[in-house]
Structure formats: structure tokens, C-alpha cells
Amino acid sequence: MHIAADSLIPSRKRSKDVIEAFSLAFEKEADVRLLVKKTPTCAKIHCFDRRVTLDYSILPSLLPVIQSSHVGVFLSGQEAWGYPHHELMATGRAVISPIYGGMKEFMDASCAYSLPYGMRKIEKSFIYPTGDAPFVRVKDLAASMRFCYENFDDVVLKGVLAYRKSLGFTISRMSARLNTLI
């Protein structure tokens, strides 16, 4: 599962690259699926792989969709916090992601599949005037997706560890951390 609201900047969440990695990791396997959950205002993606579902609807809750998934897949390192990452972890799901920015507050290699990254200049936008952001290669995401497919017991364990880690990320802990930073 890939959850991403692109905030009118399609390159920010790299949803097309997630789909490309899925196709690269699973050229012929019929028993895999990728759900790409976007918002109605996100840029539309065209994909002809029947195993990929693109959902642009507004849902009353993401919980049933998250519970139907095994692994959350993210390429963007431009997250202030990583709400979908944490939601997946809190329901015992493994997450594949670069661990950078906000995610470093609650996620590490013990409870997530950390993707290697290099820094790249980001395109100027109304959100990001300038700077660098982590950039993950599509083939590294594909390799991690393939690992999860071939090592389901590890995915289950990582999900359990993710759940346990998420228990420590409470509102009171977040408030204390924010007070420390301020």
C-alpha cells in the first residue's frame, strides 16, 4: 500500500516511481497487489497493470484499507511527520521508507525497512522554496519490496516491532519533544 497526498506537487511523493518499483519487483507474479491511495486533488496517474489499484476517493477512515495491507511503501523523504507511516505501524504493518525528517522521531531500522538515499535538489514550489531532499533509487525500493514478498515471516516480525515502537509515540511524548525543541 502506498498512501500519498501530493499537495499539487506530483514529484513530492513519487507515486509513479512506487508503481514502477512494484512492476520491477514483480514482473510476472499474479499474487501481489499494490493499492495507491491518493486524494481527489492529486495528479492523476495512468497505470495499465491490473494488479495496481489507484484510489482517489475520500474515505471516512483509512483503517479498513490499512488493515487489508501487509506493507506500507513510501519513497518520499519530504515528510514533516509521516502520518500514514505511523498509522501503518500502529496497526502492526511493516513500512518501507527512507528514514529522514519527521519519521526519525518514531521509526528506525529496528521497526521499518529503511531505504538508502542520497540528497538531491528539490524543485521550487510554494511549499519548498529551495533546498535538498532525500532521493531513493527505484531499484532499491523494488529490492526491498521483493525482500518482503520472499520473507513473509520477517514482514510479520517487523510489523510487530513497528506496533511496539508506535506505542511509545503518544501525544504527551510528542508534546514533551516539541517543548524541548521550542
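Everything that follows concerns the structure shown earlier in this document.
Described below are features of the structure shown in this document. (Residues numbered from 1 in each chain as written. Predicted model: local features only at pLDDT ≥ 70, side-chain atom pairs only at ≥ 80, totals over all residues. Heavy atoms only, no water.)

## Structural notes on the environment of Val 160
- Considering the arrangement of structural elements, one finds Val 160 in helix α6 (residues 152-167).
- You can call Val 160 partly exposed: its relative accessible area is 42%.
- For the pair Val 160 and Thr 91, spaced 69 residues apart in sequence, the C-alpha to C-alpha distance is 8.9 Å. (Helix = DSSP H or I, 4+ residues; strand = E, 2+ residues; numbered from the N terminus. Buried < 20%, exposed > 50% of the residue type's maximum accessible area, 1.4 Å probe, protein only.)

## What about the environment of Arg 50?
- Along the chain, Arg 50 falls in the loop between β2 (34-37) and β3 (52-55).
- Residues Arg 50 and Arg 33, 17 residues apart in the sequence, show an inter-C-alpha distance of 8.6 Å.

## Notes on α6
- Its 16 residues give α6 an end-to-end C-alpha distance of 23 Å, which sits within 8% of 22 Å, the value for a rise of 1.5 Å per residue.
- Regarding α6, the residues found buried are Val 155, Lys 158, Gly 159, Ala 162 and Ser 166. Each buried residue of α6 sits inside an arc of 105 degrees when the element is viewed along its axis, so together they form one side. Seen from the buried face of α6, the exposed residues on the opposite side, beyond 90 degrees, are Asp 153 and Arg 164.
- Each element contacted by the buried residues of α6 is listed here: β4 (71-73), α4 (83-90), β5 (94-97), β6 (113-114) and α5 (138-150). (Expected span 1.5 Å × (residues − 1). Arc of directions from axis to C-beta. Contact = heavy atoms within 4.5 Å.)

## Some points on the packing of helix α2 (residues 15-25) against α5
- Axis separation between α2 and α5 bottoms out at 8 Å; the angle between their running directions is 55 degrees. Relative to α5, the element α2 lies oblique. The two elements α2 and α5 cross, and the hand of that crossing is right-handed. Note on element contacts: α5 touches α2 through Val 138, Lys 139, Leu 141, Ala 142, Met 145 and Arg 146, opposite Asp 17, Val 18, Glu 20, Ala 21, Phe 22, Leu 24 and Ala 25. (Axes fitted to C-alpha atoms, helices over the stretch in contact; angles between N-to-C directions. Parallel < 35°, antiparallel > 145°, perpendicular 65-115°, else oblique. Left-handed = near helix turned anticlockwise from the far one by under 90°.)

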